[in-house]
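Coordinate inspection notes
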Amino acid sequence: MVRGLGTFINVAVIVIGSLIGILAGTKLAARTQELITDVLGLIVALAAVSALSPLWSREFLAALPQGSSLLLILGALLLGGILGSALGLEDRLDSFGERLRVRFKADSAGNFVEGFVAASLLFVIGPLAILGSISDGMGEGIEQLLLKSALDFFANMAFASTLGWGVAASAIPVAIYQGLWTVAGFLIGEVLSPIQIDAMTICGGLMLIGISLRLLNIKRIPVANLLPALIIAPALVGLASLL
């Protein structure tokens, strides 16, 4: 099987789902579109609850010094937030989305950038994006990415029906992110232990809560600035597990 096929399918599904959602969205009233966005916010919150579950798993707690699990996640998010703010990741992602909006001649009064940012973060956060890409790179199958593609397809239709072309543009960072993990799987093999994946997933779950709050218009948290935590968390947990 060709390595990278899983990510190619995932990206294609995101684009196709977006096109279907955009076509459907033009036939929906504004009030209905707002309701769909609220429902998506609730679904993202539900996904966050699932992603946070490893924080209380026996395996995760047993592998770390007693009482350190929550502190490690806190430390990863604080360090990640400081680094991400210093690098201006949120502003850079917004600017990239704005350039794409201009490129695609999308309406500046619309939700292009918001759709691009929300969808990009949603589709790259989670264990399936990492584990599936690594498995793909190692030549062990694309089953996990096929499952992710199915989930992304329906989520993308719903997102694109209200947030428009920005959701389709999220296929670009998804391709880059999963492509890098596929290369990592090909060159390195299993780069992370199960508890390191759990730490990354927990941080991702907290970021999903941030996305949910944005979609529900409760608070606009600069979630992209927290992205370095996805790298810092596995490193901290790996070090702590050796103590």
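Preceding this section is the structure that the text describes.
First things first, this report covers the structure right here in the doc. (Residues numbered from 1 in each chain as written. Predicted model: local features only at pLDDT ≥ 70, side-chain atom pairs only at ≥ 80, totals over all residues. Heavy atoms only, no water.)

**Quick word on the overall build of the protein chain**
We apply this condition: Helix and strand assignments follow DSSP, with helices taken as H or I runs no shorter than four residues and strands as E runs no shorter than two, numbered in order from the N terminus. Throughout, the radius of gyration refers to the C-alpha atoms, and the reference size of a globule is 2.2 Å times the residue count to the power 0.38. Think of it in three bands: residues with accessible area under 20% of the maximum for their type are buried, residues over 50% are exposed, and the middle band is partly exposed, with areas taken using a 1.4 Å probe on protein chains only. Contacts are assigned to residue pairs that have any heavy atoms within 4.5 Å of one another. Note on areas: these come from Shrake-Rupley sampling with a 1.4 Å probe, and a residue is covered only by the protein chains present in the view. Positive charges come from Lys and Arg alone, negative charges from Asp and Glu alone, with His and the N- and C-terminal ends not counted. A charged residue contributes its charge at one atom only: NZ of Lys, CZ of Arg, CG of Asp or CD of Glu.
A tally of helices and strands in the protein chain yields 12 helices and zero strands. Listing each helix as α and each strand as β along the protein chain from the N terminus yields α-α-α-α-α-α-α-α-α-α-α-α. By the compact-globule yardstick of 18 Å for 243 residues, the protein chain fits well, its C-alpha radius of gyration being 18 Å. The 243 residues of the protein chain split such that 50% are buried. Within the protein chain, contacts between residues separated by at least 24 positions form 80% of all contacts whose residues are at least 6 apart in sequence. Of the roughly 12100 Å² of accessible surface on the protein chain, a fraction of 70% belongs to carbon and sulfur atoms. On the protein chain, the mean spot of the 13 positive side-chain charges and the mean spot of the 15 negative ones are 8 Å from each other.

**A few points about the side chain of D198**
Put simply, the rule reads: The working definition used for a salt bridge is a side-chain nitrogen of Lys or Arg within 4 Å of a carboxyl oxygen of Asp or Glu.
Note that D198 resides in helix α11 (residues 194-215). Within the buried set, D198 has no salt-bridge partner at all; the shortest N-O distance to an opposite charge, 13 Å, is to R58. Discounting chain neighbours no more than four positions away, the residues touching D198 are P54, S57 and F60.

**Examining the environment of I82**
If you trace the backbone, I82 turns up in helix α4 (residues 69-87). Look at I82 and you get exposed, because its relative accessible area is 59%. Each C-alpha atom of the pair I82 and A51 lies 23 Å from the other, and the pair is 31 residues apart in sequence.

**A few points about α4**
So the rule is basically this: The span expected for a helix works out to 1.5 Å for each residue beyond the first.
With 19 residues, α4 ought to run about 27 Å at 1.5 Å a step, and its terminal C-alpha atoms sit 27 Å apart, in line with that. For α4, the full list of buried residues reads S69, L72, I73, G75, A76, L77, G80, G81 and G84. Two residues or fewer after α4 comes G88, characterised by a positive phi angle close to 65°.

**A word on helix α8 (residues 143-163)**
In this model, α8 (21 residues) spans 29 Å end to end at C-alpha, consistent with the 30 Å of a helix rising 1.5 Å per residue. Those residues of α8 that sit buried are L145, K148, S149, D152, N156, F159, A160, S161, T162 and L163. Backbone geometry just downstream of α8 places G164 in the positive-phi region, at approximately 75°.

**Here we look at unusual backbone geometry**
With a phi close to 55°, N217 is a non-glycine residue in the positive phi region. Among the structural elements, N217 can be located in the loop between α11 and α12 (229-241). Taking relative accessible area as the criterion, N217 reaches 69% and is therefore assigned exposed.

**Topic: the pattern of salt bridges**
Any two side chains of opposite charge can pair if their charged atoms end up close together. One pass over the full model with this rule turns up two salt bridges. The shortest N-O distance in the salt bridge between R214 and E90 comes to 3.0 Å. Of this pair, R214 sits in helix α11 while E90 sits in helix α5 (residues 89-104); the two residues are 124 residues apart in sequence, bridging distant segments of the chain. A relative accessible area of 8% places R214 in the buried class. K148 is paired through a salt bridge with D152; the nearest N and O atoms lie 2.7 Å apart. Residue K148 and its partner D152 are located together in helix α8, separated by four residues, close to a single helical turn. In this pair, the class of K148 matches that of D152, namely buried.

**With respect to the nonpolar core**
Stated formally: What makes a nonpolar core is a set of buried Ala, Val, Leu, Ile, Met, Phe, Trp, Tyr and Cys residues whose side-chain atoms join them at distances within 4.5 Å.
In this structure, F60, F159, C203 and I211 are the most contacted members of the largest nonpolar core, which totals 55 residues. Those residues in contact with C203 that lie beyond four places of it in its chain are I73, A76, L77, A229, L230 and A233.

**Comments concerning the packing of α11 against α12**
Filter applied, for reference: Under this scheme, a helix contributes an axis fitted over its contacting stretch, all axes are lines through C-alpha atoms, and angles between N-to-C directions fall in the 0 to 180 degree range. The labels follow the angle: roughly parallel below 35 degrees, roughly antiparallel above 145, roughly perpendicular from 65 to 115, and oblique for the rest. Two helices that cross are described as forming a left-handed crossing if the nearer one is turned anticlockwise from the farther one by less than a right angle, and a right-handed crossing if clockwise. For this classification, Asp, Glu, Lys and Arg are treated as charged, while Ala, Val, Leu, Ile, Met, Phe, Trp, Tyr, Cys and Pro are nonpolar and the rest, including Gly, are polar.
Put simply, α11 and α12 touch, their axes get as near as 8 Å, and they point 140° apart. Judged by the angle between their axes, α11 and α12 are oblique. Judged by the twist between their axes, the crossing of α11 over α12 is right-handed. The segment α11 lies against α12, with I195, Q196, A199, M200, C203, G204 and M207 engaging A229, L230, A233, P234, V237, G238 and S241. Broken down by class, the residue content of the contact of α11 with α12 amounts to 10 nonpolar, four polar and no charged.

**Thoughts on the environment of A29**
Relative to the helices and strands, A29 is located in the loop between α1 (5-25) and α2 (30-52). A29 sits 37 residues away from Q66 along the chain, and the two C-alpha atoms are 53 Å apart.

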